[in-house]
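Given next are the chains, with one letter for each unit.
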Amino acid sequence: MRILLVEDDKDVAGFVVKGLREAGHTVEHADNGRDGLFLAASENFDAIILDRMLPGGIDGLRLLETLRAQDNATPVLFLSALTQVDDRVKGLKAGGDDYLTKPFAFAELLTRVEALARRGKGEGPSTRLVVGDLEMDLLSRGVKRAGQKIDLQPREFRLLEFLMRHAGQVVTRTMLLEGVWDYHFDPQTNVIDVHVSRLRQKIDKPFPTPLLHTVRNAGYMLRVEEP
Amino acid sequence: MAEPAYPIRPADIESGIDAGLQRVAAAIANEAPQKPRRAFLRSASIRFALLYGLVFGVSTILLAGSVRYSTLGILSRQTESAISEDGASLLHSYQSGGMPELILSLGNRIHENPDDSAIYLLVDPLGNRIVGNMSSWPAGVTEDNIFYKIPIKHFTRRSTAEMRAYGLPNGDQLLIGRDIKMQVELQTILRDAMFWALGAMIGLGVIGAVVIRSVFNRSLADITATTRAIARGDLSQRVRRDMSGDEFDIMAETINDMLDRIARLMDGVRQVSNAIAHDLRTPITRARTRLEFAASHAASADELRAAVERATGELDGVVRVFEALLRIAEIEAGARRSAFGPVDLNPVLTDLAEFYEPMADTRGIKLDTSWPTEVNVIGDRDMLQQAIANLLDNAIKFAPEHSTVRLAARLDNEAIEVHVADNGPGIPQQDRTRATERFYRAETARNTPGTGLGLALVAAIAQLHQGRLRLDDNHPGLRAVIVLPRNFTKMQGTIRNRLRLTGDRESTLAGPGS
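First, a word on what this report is: a plain description of the structure on this page. This structure is a prediction, so every number in the text was calculated from the model and none was measured.

### Let's talk about the overall build of chain B
Next, step 1: The helix and strand inventory of chain B stands at ten helices and twelve strands.
Next, step 2: Each of the 514 residues in chain B was classed as buried or not, and the buried ones make up 39%.
Next, step 3: A fraction of 62% describes how many contacts in chain B between residues 6 or more apart in sequence connect residues 24 or more apart.
Next, step 4: Split by element, the accessible area of chain B, about 29200 Å² in all, is 58% carbon and sulfur.

Here's what the structure looks like:
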């Protein structure tokens, strides 16, 4: 995927560019708002990672507003040290698609950007999700693995649906909290881990190969183990 | 390695706030003694009384003027028209019957005029009296056909009359007049009354000014004294209230609310600087030491990686603490009421119970729930969720295995209460007031994970919703209760609203046991 990074901090930018390239993406980098706006407006990107506070007279918000005024709908992820809820709301109102606060875990940034870029592609509404031998029918709300029916609680179903929609990607605890429960706070305890381990009991335990993997220091990933 | 330089020390922040407070208090207690001679006029109450007196005086004078015009003016005009009519009729007699007819008419008129209020005098060209009830021609009357108001000697008595002279074709002169002694007396009475009224008004005005000044002073002296004390740095002072609910009382209440808030913010700053010194330095030091040690001692890449990962974990903890601190500060600043709206707590509680149930289950804890079908409050759904989640987090963390954690909501006439109760170690009575401070950790909780900010955040959220967090003994364990008022009121009300509300307003002070 082609990704534009607009970030003025050299260290952070260097580290993000390196990480994204290692993950197989093409990355352009601008270290001020003016260059960022020029690149964003003149070339095609699958996603833009945008710092809120930028030198050069055009900050992240202005850049995004200008871009949206030109009917440019490239998905944008805000990266910002401004953590207040109102700042977040402002960013999303200006046309941002996601908001990540500094400091951040790179895995989380990667996952969120990839999710955004895919959303930008606009995949059609599907009624069936498949990962390996795990199948989910969204209409009848039935789940089967290797042809065997699995009974899930409504919330477990939504958790699995979220993981299946992000199959092959790292999904962080925060993403699960927001995506499945619509909670915007940080529980002090490992509640999410308990939910995931319950789900694992049902979809992985009775079968020979696991699908739901724990990614250290990041979160979880649903994928078919490569042989 | 060079010692890091901190551009802003906590002490600087505090002294900065002190200086700011002093300016505010000085502005409130604006009574800087300049020239004592003009101090009298600079008193707001005296100015108020003088202005009031002036408006009152001007309106009195206008009123008196109009009374005078409408009474004396009308009387005078009536007299003039009577004289004119009389003159015209006598001239008519002269024209129809000559001198004899005129003298006869005059005689009749004088005869029919027992109280001598009408005055007639006919003189020949030399000034000798022909007929009339006046002894001689008054010196003041020199021209014909003009009204004169002059003092006269009417035979023996002195009086004032309004008179007019008519010249006859034969050279004789006729004088017709009316005695206006009554009018003059009325005028004198009116003038005297006006002077007395003016004098009384000035007297009352002065007395009023003194009374108003003393009322103002009594009400403001306390406020002035308090704000001066605050400006000197004594934040414990509060304005005395008389609970009457009048404007001064409301001002005192408002100032006290403001001072409470300033005191809380100052406390917050102090706590946060202490916290930064301890609770943030500790993990940063740990991470730093770990990295430094690994850099010089790690034997293998795996060892190095493990050290880096643990240091990253520690830094994540620091970030979490930072975020919680900022969030509390944000909530305490009260800037987040924009997202307030009606919220039904029933689905919120149901979801949270479902969210925490598996977690409780892993420790064999039973989650016991009960609440009414509708629990409507005004608030921010996200924040209320977070507050209840924090309490559940704590309860499940501290409850002994195979015990029961109770989540319940209750409504009564004034308040909505959300209870979270466990049978864990609880918080000792003497610590409960401190439990909502930032970074409070009970002795028994020293070794459990957590930031020590959970209850502080809950208290801040409750306070933002004009409620409070109460910590009770659950015999054994802790029962945390979020108390929310049922009729949430807009904080920024007009004076009128405040007057209406002072009676039943609930204290917005957070803190257990109050």
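### Some words on the overall build of chain A
Next, step 1: Assigned secondary structure in chain A consists of eight helices and twelve strands.
Next, step 2: Within chain A, contacts between residues separated by at least 24 positions form 57% of all contacts whose residues are at least 6 apart in sequence.

### Side note on the environment of Ile150 of chain A
All names here are of chain A.
Next, step 1: On the secondary structure map, Ile150 appears in strand β9 (residues 148-150).
Next, step 2: Sequence spacing of Ile150 and Leu134 is 16 residues, and the spatial spacing of their C-alpha atoms is 9.9 Å.
Next, step 3: Ile150 has contacts with Val143, Arg145, Lys202, Ile203 and Phe207, leaving out every residue within four places of it along the chain.

### Brief notes about unusual backbone geometry
Next, step 1: Residue Lys102 of chain A is joined to Pro103 of chain A through a cis peptide bond whose omega torsion reads -5°.
Next, step 2: When you line up the elements, Pro103 of chain A lands in the loop between β5 (98-101) and α5 (106-121).
Next, step 3: For Arg141 of chain A, which is not a glycine, the phi torsion comes out positive at approximately 55°.
Next, step 4: Among the secondary structure elements, Arg141 of chain A is positioned in the loop between β7 (134-137) and β8 (142-145).
Next, step 5: Although it is not a glycine, His475 of chain B sits at a positive phi angle of roughly 45°.

### Overview of the pairing of strand β3 (residues 47-51) of chain A
Both faces of the sheet carry side chains from a regular strand, because those side chains alternate between them.
Residue and element names in this part refer to chain A.
Next, step 1: Counting buried positions over the five residues of β3 gives five, a clear majority of the element.
Next, step 2: Here β3 shows no split at all, with Ala47, Ile49 and Asp51 on one side and Ile48 and Leu50 on the other all buried.
Next, step 3: Taken together, the four bridges between strand β1 (residues 2-6) and β3 define a ladder with parallel strand orientation. Residue pairing across strands places Ile3 opposite Ala47, the latter belonging to β3.

### Regarding the pairing of β7 of chain A
Residues and elements named next belong to chain A.
Next, step 1: On β7, burial follows the alternation: Leu134 and Met136 on one face are buried, whereas Glu135 and Asp137 on the facing-out side are not.
Next, step 2: One ladder, built from four bridges, connects strand β6 (residues 128-131) with β7; its direction is antiparallel. Paired with Arg128 across the bridge in β7 is Asp137.
Next, step 3: The hairpin turn running from β6 into β7, its antiparallel successor, is two residues long, and Gly132 in that turn takes a positive phi close to 60°.

### Some remarks on helix α6 (residues 301-332) of chain B
Residue and element names in this part refer to chain B.
Next, step 1: Here α6 is 32 residues long and its end C-alpha atoms lie 46 Å apart, about the 46 Å a rise of 1.5 Å per residue gives.
Next, step 2: Along α6, the residues that are buried comprise Ala307, Ala311, Glu314, Val318, Val319, Val321, Ala324, Leu325, Arg327, Ile328, Glu330 and Ile331.
Next, step 3: Two residues or fewer after α6 comes Gly334, characterised by a positive phi angle close to 75°.

### Observations regarding the packing of aromatic side chains
Next, step 1: Using the criterion set out here, one finds six aromatic pairs over all chains in the structure.
Next, step 2: With 5.7 Å between their ring centres and 65° between their planes, Phe15 of chain A and Phe106 of chain A make a pair best called edge-to-face. With Phe15 of chain A in helix α1 (residues 10-22) and Phe106 of chain A in helix α5, this pair connects stretches of sequence that are 91 residues apart.
Next, step 3: For the pair Tyr183 of chain A and Phe355 of chain B, a centre-to-centre distance of 5.1 Å together with 85° between the ring planes defines the contact as edge-to-face. Within this pair, whereas Tyr183 of chain A is found in the loop between α7 (173-180) and α8 (191-203), its partner Phe355 of chain B is found in helix α7 (residues 345-362), the two belonging to separate chains.
Next, step 4: Aromatic rings pair up to connect Trp181, Tyr183 and Phe185 of chain A together with Phe355 and Tyr356 of chain B into one cluster.
Next, step 5: One cation-aromatic arrangement involves Arg77 of chain B over Tyr69 of chain B; the distance from NZ or CZ to the ring centre is 5.8 Å.

### Comments concerning the sheet that holds strand β12 (residues 478-485) of chain B
All names here are of chain B.
Next, step 1: With respect to topology, five strands assemble into an open sheet ordered β7-β9-β10-β12-β11, the strand pairing being mixed. Single-partner strands in this sheet number two, and they are β7 (366-370) and β11 (468-473). Going across the sheet, the axis of each strand differs from the next one's by a mean of 15°, ignoring polarity.
Next, step 2: Bridge count between β7 and strand β9 (residues 404-411): five bridges; the pairing is parallel.

### Thoughts on helix α4 (residues 181-231) of chain B
Residues and elements named next belong to chain B.
Next, step 1: Taking 1.5 Å as the rise per residue, α4 with 51 residues should run 75 Å; its terminal C-alpha atoms sit 72 Å apart, in good agreement.
Next, step 2: By the largest-angle criterion, Leu220 marks the main kink of α4, which is about 35°.
Next, step 3: Residue Gly233 follows α4 closely and has a positive phi angle near 110°.

### With respect to a nonpolar patch on the surface
Next, step 1: There is a patch of nonpolar side chains on the surface, built from Ile61, Phe195, Leu198, Ile202, Val206 and Val210 of chain B and spanning about 580 Å² of accessible area.
Next, step 2: Looking at the element boundaries, Ile61 of chain B is found in helix α3 (residues 44-111).

### A closer look at the sheet that holds strand β4 (residues 76-80) of chain A
All names here are of chain A.
Next, step 1: Read from one edge to the other, the open sheet built from five strands follows the order β2-β1-β3-β4-β5, with strand pairing classed as parallel. With one partner strand each, in any of the chains shown, β2 (26-30) and β5 form the two edges of the open sheet. The mean angle between the axes of side-by-side strands here comes to 20°, regardless of whether they run parallel or antiparallel.
Next, step 2: On top of the sheet, α1 reaches β1, β2 and β3; it is set at about 165° to β2, its chief contact.

### Comments concerning the side chain of His25 of chain A
All names here are of chain A.
Next, step 1: Structurally, the position occupied by His25 is in the loop between α1 and β2.
Next, step 2: You can call His25 buried: its relative accessible area is 9%.
Next, step 3: In this structure the side chain of His25 is engaged in a polar contact, spanning 3.4 Å, whose partner is the backbone nitrogen of Met1.
Next, step 4: Here the side chain of His25 touches Glu114 through a polar contact of 2.8 Å, side chain to side chain.
Next, step 5: In this structure, His25 is in contact with Met1, Ile3, Leu20, Leu110 and Glu114, ignoring residues within four places of it in sequence.

The rules behind these values
- Residues numbered from 1 in each chain as written.
- Chains lettered and ligands numbered in written order.
- Predicted model: local features only at pLDDT ≥ 70, side-chain atom pairs only at ≥ 80, totals over all residues.
- Heavy atoms only, no water.
- Helix = DSSP H or I, 4+ residues; strand = E, 2+ residues; numbered from the N terminus.
- Buried < 20%, exposed > 50% of the residue type's maximum accessible area, 1.4 Å probe, protein only.
- Contact = heavy atoms within 4.5 Å.
- Areas by Shrake-Rupley, 256 points an atom, 1.4 Å probe, with all protein chains shown as cover.
- Pairing = 2+ DSSP bridges.
- Expected span 1.5 Å × (residues − 1).
- Phe/Tyr/Trp six-rings, centres within 6.5 Å; stacked < 30°, edge-to-face > 60°.
- Lys NZ or Arg CZ within 6 Å of the ring centre and 35° of its normal.
- Axes fitted to C-alpha atoms, helices over the stretch in contact; angles between N-to-C directions.
- Bend = angle between axes of the 7 residues up to and from the residue.
- Patch = residues over 30% accessible without salt bridge, like charges linked within 9 Å, V, L, I, M, F, W, Y side chains within 5 Å.
- Salt bridge = Lys/Arg side-chain N within 4 Å of Asp/Glu carboxyl O.
- Polar contact = N/O pair within 3.5 Å; in protein donor to acceptor, adjacent residues only side chain to side chain.

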